[in-house]
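# Inside the fold
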Amino acid sequence: MDLKKPTIKVGILTISDTRTPLKSNIDSFDSSGQNLIKLINDSNVIESAKVVQYGCVTDDIDQIQAKMTEWCSERKVDVLLSTGGTGFSPRDVTPEATLGLVQKLTPGISQAIMNESLKLTPMAMLSRAVSGIYEKTLIINLPGSSKASKECLCVVASAIPHAVSLIKDEKEISKQFHKQLDFTTNNKSRIPECVTKIACRHRESQFPKISMKSALNILKEHAVLQYTENNKIKYPTVWIFSTGDELGISKDAHSGYIRDTNSVMIKQILEQDNYKGHVFNYGIIRDNWNDLCKYFEEAFNNADIIVTSGSVSMGEKDLIKHVLKEHFEGQIHFGRVNMKPGMPTTFVTLIFKDKKKYIFCLPGNPVSAGVCTHLFLLPYLRSISGKKIIIHSLKAKLTHSIKGLDIRPEYRRSLLKYENGELYVSCLTNYQQSSRLLSFVNSNCLLQLPSSSKKANIESSTIMDVILIKSIENTYIAPILKEMNLRIEIIKKEAITGNTKNEQPLLCSCIEDVLHLMTENIFVAKTEIIPTSSAMGYVLYSSINSSENLPPFQASIKDGYAIKYGNYWFQKSNIFKVVQVSVAGTVPCCQKEIGDGECARISTGAPIPPGANCVVQVEDTSVETKSSDGKVEITIAILKEPKLFENIRSIGSDISVGQRLLDQKTILGPFEIALLRSVGCEDVEVYVCPSIHIVPCNDNSAYAISHKLKNMLEVSDFKGSIFSHSLRKNLTKFTEQFDCVYDDVNSIIIFCGNVNEFCTVESHIHISNNTRKISLGFGRMFVGCDEKSVVFLHINTCDSESIYNCAHIFILPFLRFITGKKKIISLIKTKCNLTSDYLPTDKFEKAELHYENSDFNVTCFTMNHQSCLVNIPSSLDQTNIKLKARKKTELDAIVTENSDYYFLHY
C-alpha cells in the first residue's frame, strides 16, 4: 500500500437471504464477501484500499438501501461493493435498490465488467448489475458467486483509485494518476513484437542454458553484505508474488483454475530457514503487461528483493522476462539453467530510483518453485545474511541403483536417513513430475544426479551428493539413552491419606526410563482446528485424504499445440490449422472439439481440448501462414512426429480422489501446507501447543534461571506461548500469582527454585495419585497432572549448566511428546579429538557440532556456537583417551540447535 496516498475506505455488502459471516455453517458461509475482503486487504487488488465496513443483509430493497445510506451518507466508505442479488430471480433486487439511491450512473464501469465477463462465460449476459455515485461514494454491484465477484472486481480495480479521487475532487492525486497513465501509454511502444504478435514469438528460448555452478557464481557476485549505521547486518525486504490468469485463492476454484500455493510456500520456506528480513506475500498478479509493470513498480518501491513464480517459460502469456528487460531495462544475468526441474529459472538486476533491485523469477510449477527456492534463493539470502555455509550439502550412500538418467542434471526428491552413524539416501518415487507436490512428502533432500551424457546408470552403494531441504530422518538409537548411570528416586503420593512416602530408591536408571516416567499416565491428546496457512510447525492429529482430483482435467505439460494424432501420421500432411487457443485458466467445458488437421495453441497447465490426444512442444513447430496483420498463426507445421498422449497430464495423475495425502503425526512444513492448499483443504486439526508459564520460587537465583530457561525454549521448535513470571518473595503474593497462572487450563507450569518452597505450591494443587517426583543427581524434577489437565514441572536447580542439560534432555523432549511429535530426542554419533588431560565432572558437555569430510564432528570446550551436548566418558576412561591421543574418539551427542551445516527439526 502506498503510504503517500490516502487510504481508500471500502465497504463490502453481501446481499442474500441465506449467507452469513459465520464459519460455523459452511453451507451458509459468505465466501464471496470474505474473499473480496482478502483480495483488497491481503492481495491489494485496489491500490491503497482497505475494507473498513462489512455486513450481510437480506434481499429486501428497504434493508439494502438503509445500509447503503448509512455507509454513504456518514462518509464511512469511499467505495461500496455489493455482492449478490443481480440475477433474474424475483428476490434479486440489488440493482433496483442501487438505482433508487445513486445520483449519477457510471455506465462505463458496468459495461467494462460485462465485456470482460462475456469473454469468460456467455451466462454473464444474465447479470443486471449497475454502478453509480451516491453522495461521495462509488457503488458497484458485483455477482454473488465468489469466483465471479473476484473476476469482476479485477476488471475495474485499477480504475477505482482514480475514480475516487475524481469524486472527492482530489486534484493533486488525479494529476499524479494522469502522469502515471501517460508514462504507461508512452511505454507501450516498448512492448516487443513477439508479445503483441503471437505468430512472431520465438520458437526456441533466446537464453543459453548455463550450468548450476555458473548460476551460483553469478549469484555470489551479486551477494553483497549491507550494514546499518550501527554496523549490524542489514537484511533486505523480500516481496513475493505469483503470476498467472489461471490462479485462484478461493476455496471454490472452478475447473479452469488452480489454487495459488507457491507464494505462501516460498514465504514459509524463508521463515523456516529463519531469514531475519521482512518478507511480504503480495498474492497473485495477472498475466497482463500493464498489470505486471504496475505491480513490479510497487514492489520495487517497497522491497529490494523480488521473487516471482510463473510466467518465465515459452508460453504466449509468459511476459516477465520481457517486462523486466523492455520496460524496466533490467539485465538478465541468466534466463535458463541446465537442470531438472526448474530450467526456466531467471535472475535479473536493475536500477530503480537509483537503487539496485534483485529479481528471482522462478517457474510456476509448485515442485520447480520449491526446488529452485532451495537451490537459488536460500543460498543467496544466507550469503547476504553473513552465513558461511549457504548450501546444506551432505554425502550419503545410495540404497538402490538408478537407471535412465535425464539429459539434464537432475535434483530428485529423496529421503535421507541417519542410521548407526551413517547417512543413506533413497528415491521415494520415480514419478518426479514438476507439478506433483506429493513428491515432496516424506522427502527431505534433493539427490543430485548427473547428466546421462556423463553417466548412463548409478549403482547401489555409490556415495552421492545431497542437499538437505528438511530435517534428517534419524533412526539412530544411541547407547547413552539406555546407560544406567542416572541416580533417581521416585516419590509417589499415597492414594488414601494424601501423604507422601519414599518408594524403594532406584540406585541407577537411564534417560529412557526418566522420559517414560515423565510421560506415564499424564498425556491426554488435545487438538484444535486452525487455518492450514497458519499451521507450519504443528503436528497433524489425523491422516488426510484428498477430496478431489488434481488436475481436475487433462492438462498440458508443455507450451505448444494440442492435436489429434493417429497411426496414419505419415499418410497425412504435417500442416495443421490453428482453430482455438487454450491458456491456463480456460474453462474446459467452453472448448470446441479438435478435428483432423486442426490444432489448438496451448500453454503449460491449460486444459486439453476435446478430440486432442497429444501436445507438440513449440520448439518442434514452425509457422506456415499468418493473419494479414501478422499477429496470429493461421497454420503451423509439426517438424517431428509426436507420440500418443505425449506431454499430457491425465485427470488425477498428480492427486486422485481418496488418495492419502498426509499421515497422522506429520509435522506440517511449507511443502505439506502447499499440498493441502492445492486441493482446497483450508483448515486442519492439529495437536494443541499449550502455553508455558515459568514461575520462580522465592529466590533471586531461581528468577535468573527462569529467564535462561525461557530463552532456551524460545529458540527451540516449540510453537506455544511462553511466559516468564516475576519473582514473588511474599507468600501471599506468590499464592495470588499462582492462582492467576493456574486459571490457564491448557498450560504447562514450570517452577524453578528450592524444593522446600515448592511445598507451598503443592498445597494449591490437586495432584492425581499417579503423580511422581523424580529426583536426579543434578536437581529434582516434579512431573504431575491434576484434574484440570494442567501439567506441572518443578526444577530444583539454580545452576545454569544443569538447567541447560535438564532443558534439552528432559523438558524439550517432554514438550515434543505432548504436542504429538514422533521424534522427541535426536542423537548422532560424532568424532572428536579428546587430547586434554582435563575432563569435566558433568556427564554432558556443551560442544559445537559441524559436518565436514563426510562426518559429523564435535569441538568440545569451545565458546563458539554450542549446538549439542556430548556424552563425555567418565574419569575411569582417561587412560584410554590418552592412549588414543591424536586419534578421533567416537562420542554420542544430543542435538540441541540447528547449525549452518545441517538442520534437525523435531
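Residues numbered from 1 in each chain as written. Predicted model: local features only at pLDDT ≥ 70, side-chain atom pairs only at ≥ 80, totals over all residues. Heavy atoms only, no water.

## Description of the overall build of the chain
Here is the rule we go by: Going along the chain from the N terminus, every DSSP run of H or I of four or more residues is numbered as a helix, and every run of E of two or more is numbered as a strand. Under the scheme applied here, a residue whose accessible area is under 20% of the maximum for its type counts as buried, over 50% as exposed, and between as partly exposed, the area being computed with a 1.4 Å probe on protein chains only. Here the open area of atoms and residues is found with the Shrake-Rupley method and a 1.4 Å probe, where only the protein chains shown may cover a residue.
Within the chain, the regular secondary structure consists of 20 helices and 48 strands. Here the chain holds 906 residues, and the buried ones make up 53% of them. Within the structure as shown, the chain displays about 40,100 Å² of accessible surface, and the carbon and sulfur contribution to it stands at 49%.

## Details of the environment of Asn-141
The criterion, for reference: Should any heavy atoms of two residues lie within 4.5 Å, those residues are counted as being in contact. Under this definition, polar contacts are N or O atom pairs within 3.5 Å; protein pairs additionally need one hydrogen-donor-capable and one acceptor-capable atom, and for neighbouring residues in sequence, both atoms have to be side-chain atoms.
Position of Asn-141 among the secondary structure elements: in strand β6 (residues 137–142). Separated by 56 residues in sequence, Asn-141 and Gly-85 place their C-alpha atoms 8.7 Å apart. Once residues within four sequence positions are removed from consideration, Asn-141 is found in contact with Ser-82, Thr-86, Thr-94, Pro-95, Thr-98, Ala-129 and Val-130. One polar contact links Asn-141 to Ser-82, side chain to side chain, over a distance of 2.9 Å.

## Observations concerning the sheet that holds strand β11 (residues 279–285)
As a reminder of what qualifies: Strand pairing is assigned whenever DSSP identifies at least 2 bridges connecting the two strands. A fitted line through C-alpha atoms represents every axis, and for helices the fit uses only the stretch in contact; the resulting angles, taken between N-to-C directions, go from 0 to 180 degrees.
In space, the six strands of this open sheet follow the order β11-β8-β12-β16-β15-β13, with mixed pairing throughout. The strands lining the two open edges of the sheet, one partner per strand, are β11 and β13 (331–334). For this sheet, the mean inter-axis angle between neighbouring strands, taken without regard to orientation, is 20 degrees. The pairing of strand β12 (residues 305–309) with strand β16 (residues 355–362) spans five bridges and is parallel. Bridging across to β16, Thr-308 finds its partner in Cys-361.

## Focus on the side chain of Lys-470
With respect to the helices, strands and loops of the structure, Lys-470 is situated in the loop between β21 (463–468) and β22 (473–474). Within the structure, Lys-470 has its side chain in polar contact with the backbone oxygen of Phe-440 (distance 3.2 Å).

## Section: the side chain of Ser-451
In this structure, Ser-451 sits in the loop between β20 (445–449) and β21. With a relative accessible area of 7%, Ser-451 lands in the buried category. At 2.6 Å, the side chain of Ser-451 and the backbone oxygen of Ile-407 are in polar contact. With near-sequence residues (within four places) excluded, Ser-451 lies in contact with Asp-406, Ile-407, Arg-408 and Pro-409.

## Some words on unusual backbone geometry
Here the bond from Lys-340 into Pro-341 is cis, since omega is -5 degrees, no more than 30 degrees from zero. With respect to the helices and strands, the residue Pro-341 is situated in the loop between β14 (336–337) and β15 (346–352). The peptide bond linking Leu-550 to Pro-551 adopts the cis configuration, its omega dihedral lying at -5 degrees. Relative to the elements of secondary structure, Pro-551 occurs in the loop between β27 (544–545) and β28 (555–556). Positioned with a positive phi, Ser-461 is a non-glycine residue whose angle comes to about 75 degrees.

## Here's the deal with a nonpolar patch on the surface
Rules: Only residues whose relative accessible area exceeds 30% and that form no salt bridge are eligible for patches; like-charged ones are grouped when within 9 Å, while nonpolar side chains (Val, Leu, Ile, Met, Phe, Trp, Tyr) are grouped when within 5 Å. We define a salt bridge as a side-chain nitrogen of Lys or Arg found within 4 Å of a carboxyl oxygen belonging to Asp or Glu.
Nonpolar side chains collect at one region of the surface, where Phe-88, Leu-118, Met-123, Met-125 and Leu-126 lie side by side and expose about 540 Å² of accessible area between them. Tracing the chain through its elements places Phe-88 in the loop between β3 (79–83) and α3 (94–99). What makes Phe-88 exposed here is its relative accessible area of 58%.

## Structural notes on the packing of aromatic side chains
Heads up, the condition is: Two rings from Phe, Tyr or Trp (for Trp, the six-membered ring) form a pair when their centres are within 6.5 Å of each other. A pair whose planes differ by under 30 degrees is stacked, one over 60 is edge-to-face, and the rest are tilted. Cation placement over rings: the criterion is NZ of Lys or CZ of Arg within 6 Å of the ring centroid and within 35° of the ring normal.
Applying the stated criterion to the full structure yields 20 aromatic pairs. Where Phe-300 meets Phe-328, the ring centres are 5.2 Å apart and the plane angle is 90 degrees; that geometry is what we call edge-to-face. Here Phe-300 is found in helix α11 (residues 289–302), whereas its partner Phe-328 is found in the loop between α12 (320–327) and β13, with 28 residues between them in sequence. Overall, the relative accessible area of 2% leaves Phe-300 in the buried class. Centroid distance Tyr-851 to Phe-856: 5.2 Å. Interplanar angle 65 degrees. Geometry classified as edge-to-face. Each member of the pair, Tyr-851 as well as Phe-856, is classed as buried. The ring of Phe-440 has Arg-413 lying over it, and the distance from NZ or CZ to the ring centre is 5.9 Å. In this arrangement the basic side chain of Lys-846 is found over the ring face of Tyr-804, its NZ or CZ atom lying 4.1 Å from the centre.

## Details of the sheet that holds strand β32 (residues 614–617)
On the basis of which strands lie adjacent, the open sheet formed by six strands has the order β32-β29-β31-β30-β34-β33 and mixed pairing. On the outer flanks of this sheet lie β32 and β33 (621–626), each paired with one strand and no other. The mean angle between the axes of side-by-side strands here comes to 40 degrees, regardless of whether they run parallel or antiparallel. Bridge count for strand β30 (residues 575–582) against strand β34 (residues 633–638) is three bridges, and the pairing is antiparallel. The partner of Ile-575 across the bridge, within β34, is Ala-637.

## Re the pattern of salt bridges
Tallying each qualifying case throughout the model produces 26 salt bridges. Close ionic contact of Glu-316 with Arg-601 constitutes a salt bridge, the shortest N to O distance being 2.5 Å. Pair noted here: Glu-316 is in the loop between β12 and α12 and Arg-601 is in strand β31 (residues 598–602), with a separation of 285 residues, a long-range link. This pair shows no difference in class: Glu-316 is buried, exactly as Arg-601 is. As a salt-bridge pair, Glu-633 and Arg-601 come within 2.9 Å of each other at their nearest N and O atoms. Within this pair, whereas Glu-633 is found in strand β34, its partner Arg-601 is found in strand β31, the two being separated by 32 residues in sequence.

## Observations concerning the confidence of the model for the chain
Quick note on the threshold: pLDDT: the predictor's confidence for each residue, scored from 0 to 100.
Looking at the chain as a whole, the pLDDT averages 82, with 79% of positions reaching at least 70. Across residues 183–189, confidence stays below pLDDT 50; counting only partners more than four residues off in sequence or on other chains, it has five contacts. Across residues 766–771, where pLDDT falls below 50, the model places 19 contacts with residues more than four positions away in sequence or in other chains.

## Re helix α13 (residues 366–384)
To keep things clear, this is the line we draw: Take the number of residues in a helix, subtract one, and multiply by 1.5 Å to get its expected span.
For α13, built from 19 residues, the straight-helix expectation of 27 Å at 1.5 Å per residue is met to within 8% by its first-to-last C-alpha distance of 26 Å. Two residues or fewer after α13 comes Gly-386, characterised by a positive phi angle close to 85 degrees.

## Structural notes on the pairing of β33
A regular strand carries its side chains on alternate faces of the sheet. Here β33 runs beside β34; their pairing, made up of five bridges, is antiparallel. Note that in β34 the partner of Ser-622 across the bridge is Ala-637. Hairpin connection, β33 to β34: the antiparallel pair is bridged by six residues, and Gly-630 has positive phi, about 75 degrees.

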